[in-house]
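Reading the structure
Here is what each chain is made of, one letter per residue.
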Amino acid sequence: MTSITVATPDDWHVHLRDDHMLTAVAPFTANSFRYALVMPNLVPPITSMAMAREYRDRIVAAAGPDARSDFTPLMGLYLNDDLVIEDLLAGVAAGVVFAVKYYPAGATTNSEAGGASLIGYQSVLEAMAEAGIPLLVHAESTDPDIDIFDREAAFLETELTPACDAVPGLTVTVEHISTRSGLDFVAAHDGFAGSITPHHLTCDRSDVLANGLRPDLYCKPVINSREERDALAAAAMSGNPSFFVGTDSAPHPLSHKETGRAKPGIFNAPYALEVIAELFHQNRALDQLESFLSLNGPTHYGLPVADSTITLTRAEPTQTRPEMITTSGGVEVRIFGAEAAALWTIS
Ligand code: DOR
Ligand code: ZN
């Protein structure tokens, strides 16, 4: 039996949705994580302090009776023409808004209201640099001429590099890094960071495509090659303080996944910690687990490390774990990671 105790983890990137889906999924995050950096890609998107405050209240109400007492949603605002600089600054000063998220329009789920060009928001970015507000970036080109597996690198080169050059002092997190280009970009910029998901750490595109098409593994940016996966895993297990977990847990109804045009997004909140613990265990890197789950993120964002701990224990599986949840509206959602979860208990 293997057992490890770590400071309580934070999830630096999560989609909690709204209404009955929020009620169904929020408890999984609230039971396992202290901070949850919540994505604003609702319909309509969260673009103001008032919307963020109301959404935060709905999340806290949905967190459920078993929520950790230190569970705290941190709110992102969606960067588009509706975002008003004065409102953003007031939202941050009031402790309601934590960061700003940029989605290239059309890149992923609920990104239709996103931007056509990051540099088009230069005045917002300058205000953010001045106030030290983190910019979270969905780094994926929407240029149809660029191969889907090369779109992260393309965005970093053609969109993010010019914006960072034009606005010195910007603090950037490259979200859900899926390739070495993202790792290299972070390494080349002082003070930048990258979040990495459980699924990009443990799956490659053969898992998605080789043995029957797996819509449950379809996400954006898409899961890439084995070489890219291995590089992400090496970065996560290296202890490098620039990299930390962001689950990108993104629930979709099964009927939107197993259909003609599957929606991108993987619901992994229930088993994210177990999946990552198993990866680190298999690679004899459990001594770096706490850095990736619990230390690097808060340190990057200037927040205290949790003063509580959790203990993860590995034993041979005695029972299988559920692979599906059902919302109060009768909607089924598939969960990622049940196999790894059967090996671990968390207390
Ligand atoms: O796969 C994804 N799903 N990637 C994203 O960036 C958004 C997310 C969602 O909201 O479903
Ligand atoms: Zn996301």
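Everything that follows concerns the structure shown earlier in this document.
Only a predicted model underlies this, so the values are computations on that prediction, with no experimental measurement involved.

The next thing to look at is the site of ligand 1. Close to ligand 1 lie 14 residues; R17, N41, T108, K220 and H252 are nearest. One nitrogen or oxygen atom from the side chain of N41 is found 2.9 Å from an oxygen atom belonging to ligand 1. Side-chain polar atom of T108 to a nitrogen atom of ligand 1: 3.1 Å apart, as the coordinates give it. Counting atoms within 2 Å of the grid points, the majority share of ligand 1 lands in the largest cavity. Per-class residue counts for the shell around ligand 1 are three nonpolar, eight polar and three charged.

Attention shifts here to the sheet that holds strand β1 (residues 2-7). Strand order in this open sheet of three strands is β1-β10-β13, and the pairing throughout is antiparallel. Both edges of this open sheet fall to β1 and β13 (344-346), since each of them pairs with a single strand only. For this sheet, the mean angle separating the axes of adjacent strands, direction not counted, is 20°. Bridge analysis of β1 against strand β10 (residues 309-314) gives six bridges, and the strand direction is antiparallel. Opposite V6, over in β10, you have I310 as the bridge partner. In the packing of helix α12 (residues 289-301) onto the sheet, contacts are made with β1 and β10, and the angle to β1 comes to roughly 25°.

With respect to the helices and strands, the residue D11 is situated in strand β2 (residues 11-14). Although buried, D11 forms no salt bridge, and the nearest oppositely charged side chain, K101, lies 11 Å from it. Within the structure, the side chain of D11 is placed 3.0 Å from the backbone nitrogen of H13, a separation counted as a polar contact. Among residues more than four places away in sequence, those in contact with D11 are F33, Y35, A36, L37, V245, G246 and T247.

Packed helices, taken two at a time, are described by the angle between their axes plus the distance between the axes. Packing of helix α11 (residues 272-282) against α12 leaves a shortest axis separation of 9 Å and a crossing angle of 145°. Of the residues in α12, those in contact with L273, I276, A277 and F280 of α11 are L289, F292 and L293. Partitioning the contact of α11 with α12 into residue classes produces seven nonpolar, no polar and no charged.

Let us now look at the side chain of H252. Locating H252 in the fold gives a position in the loop between β9 (243-245) and α10 (254-257). For H252, a relative accessible area of 8% gives the class buried. At 2.7 Å, the side chain of H252 forms a polar contact with the backbone oxygen of P264.

We now examine the nonpolar core. Formed by 97 residues in total, the largest nonpolar core has its most connected members in L79, L135, L160 and F280. Ranked by residues supplied to this core, first place goes to α11 with seven residues. Those residues in contact with F280, other than ones at most four positions away along the chain, are A236, M237, A285, L286, Q288, L289 and F292. Within the second largest apolar cluster, 13 residues are counted, among which are W12, M39, L136 and A193.

Taken together, the protein ligands of the zinc ion (ligand 2) are H13 (NE2), H15 (NE2) and D248 (OD), with distances of 2.0 Å. Summarised as a motif, the one-chain spacing of the donors to the zinc ion (ligand 2) is H-x1-H-x232-D. Given the relative accessible area of 1%, H13 is considered buried. You can call H15 buried: its relative accessible area is 7%.

The next point concerns the packing of aromatic side chains. Two measures describe an aromatic ring pair: the distance that separates the ring centres and the angle between the ring planes. Going through the model one piece at a time under the given rule, you end up with 12 aromatic pairs. With a centroid separation of 6.4 Å and 35° between ring planes, the pair formed by W12 and F98 is classed as tilted. Residue W12 is located in strand β2, and its partner F98 is located in strand β5 (residues 97-102); the two are separated by 86 residues in the primary sequence. The same class applies to W12 and to F98, which are both buried.

Here we come to the layout of surface pockets. In this structure, the largest pocket spans a volume of roughly 850 Å³. Lining the largest pocket we find 37 residues, and of these R214, F336, G337, A338 and E339 sit closest to its centre. A total of four residues in the lining of the largest pocket trace back to one element, the largest contributor, which is α11. For the lining of the largest pocket, a count of residues per class yields 17 nonpolar, eight polar and 12 charged.

Turning our eyes to something else, we now look at the pattern of salt bridges. Under the counting rule described, the total for this entry stands at 13 salt bridges. Note that K220 is salt-bridged to E140, the shortest N-O span being 3.5 Å. Residue K220 is located in the loop between α8 (205-209) and α9 (226-237), and its partner E140 is located in the loop between β6 (135-137) and α5 (151-166); the two are separated by 80 residues in the primary sequence. Here K220 matches E140 in class, with each residue buried. Between E316 and R314 there is a salt bridge whose closest N-O contact spans 3.8 Å. Classification of E316 by relative accessible area gives exposed; the value is 60%. With relative accessibility at 14%, the residue R314 sits in the buried group. Connected through shared salt-bridge partners, D204, R226, R229 and D230 make up one network.

Cut-offs and rules
- Residues numbered from 1 in each chain as written.
- Chains lettered and ligands numbered in written order.
- Predicted model: local features only at pLDDT ≥ 70, side-chain atom pairs only at ≥ 80, totals over all residues.
- Heavy atoms only, no water.
- Near = heavy atom within 4 Å.
- Polar contact = N/O pair within 3.5 Å; in protein donor to acceptor, adjacent residues only side chain to side chain.
- 1 Å grid on protein atoms, 1.4 Å probe; cavity = no way out; pocket = protein on both sides within 12 Å on 5 of 7 lines; lining within 4 Å.
- Sits in = over half its atoms within 2 Å of the grid points.
- Nonpolar A, V, L, I, M, F, W, Y, C, P; charged D, E, K, R; others polar.
- Pairing = 2+ DSSP bridges.
- Helix = DSSP H or I, 4+ residues; strand = E, 2+ residues; numbered from the N terminus.
- Axes fitted to C-alpha atoms, helices over the stretch in contact; angles between N-to-C directions.
- Contact = heavy atoms within 4.5 Å.
- Buried < 20%, exposed > 50% of the residue type's maximum accessible area, 1.4 Å probe, protein only.
- Lys, Arg positive; Asp, Glu negative; His and termini not counted.
- Salt bridge = Lys/Arg side-chain N within 4 Å of Asp/Glu carboxyl O.
- Core = buried A, V, L, I, M, F, W, Y, C linked by side-chain atoms within 4.5 Å.
- Donors = N, O, S within 2.8 Å, 3.2 Å for Na, K, Ca; no water.
- Phe/Tyr/Trp six-rings, centres within 6.5 Å; stacked < 30°, edge-to-face > 60°.
- Points joined across faces, edges and corners; volume = space filled by probe spheres on them.

Such coordinate-based values are descriptive only and should not be taken to indicate function.
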